[in-house]
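Given next are the chains, with one letter for each unit.
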Amino acid sequence: MESIATDQRHHLGFKAYQPLSSKVLVKYFKAQTFTAETVPNTEAEQVKILCDSDNWSAGIIRKNPLCIVHNSRHAPTRQESNLMHEFAHVILKHKMVGCDPQTGLPQRRQQDEDEAVYLGGCLQIPRRGLLWAVQKKMTVAQIALHFNASEEMVNFRINVSGIDIV
Ligand SMILES: [Zn+2]
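One structure accompanies this document, and this report is about it. If you're wondering where the values come from, they're calculated on a predicted model, not measured in any experiment. (Residues numbered from 1 in each chain as written. Predicted model: local features only at pLDDT ≥ 70, side-chain atom pairs only at ≥ 80, totals over all residues. Heavy atoms only, no water.)

### A few points about the pairing of strand E2 (residues 58-62)
Next, step 1: Where E2 and strand E3 (residues 67-70) come together, four bridges link them in antiparallel fashion. Across the sheet, residue Ile60 finds its bridge partner in E3, namely Ile68.
Next, step 2: Here E2 folds back onto E3 in antiparallel fashion, the turn holding four residues. (Pairing = 2+ DSSP bridges. Helix = DSSP H or I, 4+ residues; strand = E, 2+ residues; numbered from the N terminus.)

Quick look at the structure:
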């Protein structure tokens, strides 16, 4: 996963320590992004469920052209990781396996979810970027700010990357 993220970032011209905005990926994949309010061809009832709920992050509603709906109720840093997660599905060429009856959003296999969680995190904060930040003695809050990520994401990345932070 780490090397897939490194390759993708390299391809886009980003070094490990540079923050990668989801906007760059949106442009690269020629994606259209929607919020629950702006998503086309959705029934009013479903729009209401999506608008009122925090319990969903994002989903790909069309593959070609790529259309992603994401939850604008989440904090901006979380919206970033939500989008990274969806692009991870795209990069890994995951298939959709039906729809959530509650939200109407596409569902996926648990293994695919785990992979996308991991790759999404690598894209946002690569291990080498994390090492760079730790060497610079940046705090978790500073790292989060630098990579436009949540502190939860920074802590997750520190844990799974096996990096010691003092
Ligand atoms: Zn997912």
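### Observations concerning the sheet that holds E2
Next, step 1: One open sheet accounts for three strands, arranged E1-E3-E2; its pairing is mixed. Both outer strands of the open sheet, strand E1 (32-34) and E2, are each paired with one neighbouring strand and no more. Direction aside, neighbouring strands of the sheet carry axes that sit 30 degrees apart on average.
Next, step 2: Pairing analysis gives three bridges linking E1 to E3, with the strands arranged parallel. Across the sheet, Phe34 pairs through a bridge with Val69, a residue of E3.
Next, step 3: Contacting E1, E2 and E3, helix H4 (residues 76-91) crosses the sheet at an angle of about 45 degrees to E2. (Axes fitted to C-alpha atoms, helices over the stretch in contact; angles between N-to-C directions. Contact = heavy atoms within 4.5 Å.)

### Let's talk about unusual backbone geometry
Next, step 1: Here Asn64 and Pro65 are connected by a cis peptide whose omega angle stands at -5 degrees.
Next, step 2: Position of Pro65 relative to the elements: it lies in the loop between E2 and E3.
Next, step 3: Despite not being glycine, Lys30 shows a phi value in the positive range, around 50 degrees.
Next, step 4: Its location among the elements puts Lys30 in the loop between helix H2 (22-28) and E1.
Next, step 5: One non-glycine residue, Lys93, lies in the positive phi region at around 55 degrees.

### Topic: the environment of Phe87
Next, step 1: Along the polypeptide, Phe87 turns up in helix H4.
Next, step 2: For Phe87, a relative accessible area of 0% puts it in the buried group.
Next, step 3: Between the C-alpha atoms of Phe87 and Ile68, which are 19 residues apart in sequence, the distance is 9.3 Å.
Next, step 4: Ignoring sequence-local partners within four residues, the contact set of Phe87 consists of Ser22, Leu25, Val26, Phe29, Ala31, Leu66 and Ile68. (Buried < 20%, exposed > 50% of the residue type's maximum accessible area, 1.4 Å probe, protein only.)

### Side note on the side chain of His89
Next, step 1: Topologically, His89 is positioned in helix H4.
Next, step 2: Assessed through its relative accessible area of 1%, His89 is described here as buried.
Next, step 3: Only 3.4 Å separates the side chain of His89 from the side chain of Arg108, close enough to count as a polar contact. (Polar contact = N/O pair within 3.5 Å; in protein donor to acceptor, adjacent residues only side chain to side chain.)

### Examining the state of the cysteines
By definition, a disulfide links two cysteine residues through a covalent bond between their sulfur atoms.
Next, step 1: Tallying each qualifying case throughout the model produces zero disulfides.
Next, step 2: Not engaged in a disulfide, the cysteine Cys51 finds its nearest cysteine sulfur in Cys67; these two sulfurs lie 17 Å apart.
Next, step 3: The closest cysteine sulfur to the non-disulfide-bonded Cys99 is located on Cys67, 14 Å from its own sulfur. (Disulfide = S-S within 2.5 Å.)

### Points about H4
Next, step 1: Spanning 16 residues, H4 covers 22 Å between terminal C-alpha atoms, matching the ideal 22 Å at 1.5 Å per step.
Next, step 2: Within H4, 12 of the 16 residues are buried, which leaves it mostly tucked inside the rest of the structure.
Next, step 3: If you check which residues of H4 are buried, you get Gln79, Glu80, Ser81, Asn82, Leu83, Met84, His85, Glu86, Phe87, Ala88, His89 and Ile91.
Next, step 4: Downstream of H4 by one or two residues, Lys93 has phi in the positive range, about 55 degrees. (Expected span 1.5 Å × (residues − 1).)

### Describing the packing of helix H5 (residues 110-124) against helix H8 (residues 151-161)
Next, step 1: Put simply, H5 and H8 touch, their axes get as near as 10 Å, and they point 105 degrees apart. When the axis of H5 is compared with that of H8, the two are roughly perpendicular. Across the interface between the two elements, Val117, Tyr118, Gly121, Cys122 and Gln124 from H5 touch Met153, Phe156, Arg157 and Val160 from H8.
Next, step 2: Each residue belonging to the contact of H5 with H8 can be placed in one class, and the counts come to six nonpolar, two polar and one charged. (Parallel < 35°, antiparallel > 145°, perpendicular 65-115°, else oblique. Nonpolar A, V, L, I, M, F, W, Y, C, P; charged D, E, K, R; others polar.)

By themselves, these are just geometric observations and shouldn't be taken as functional.
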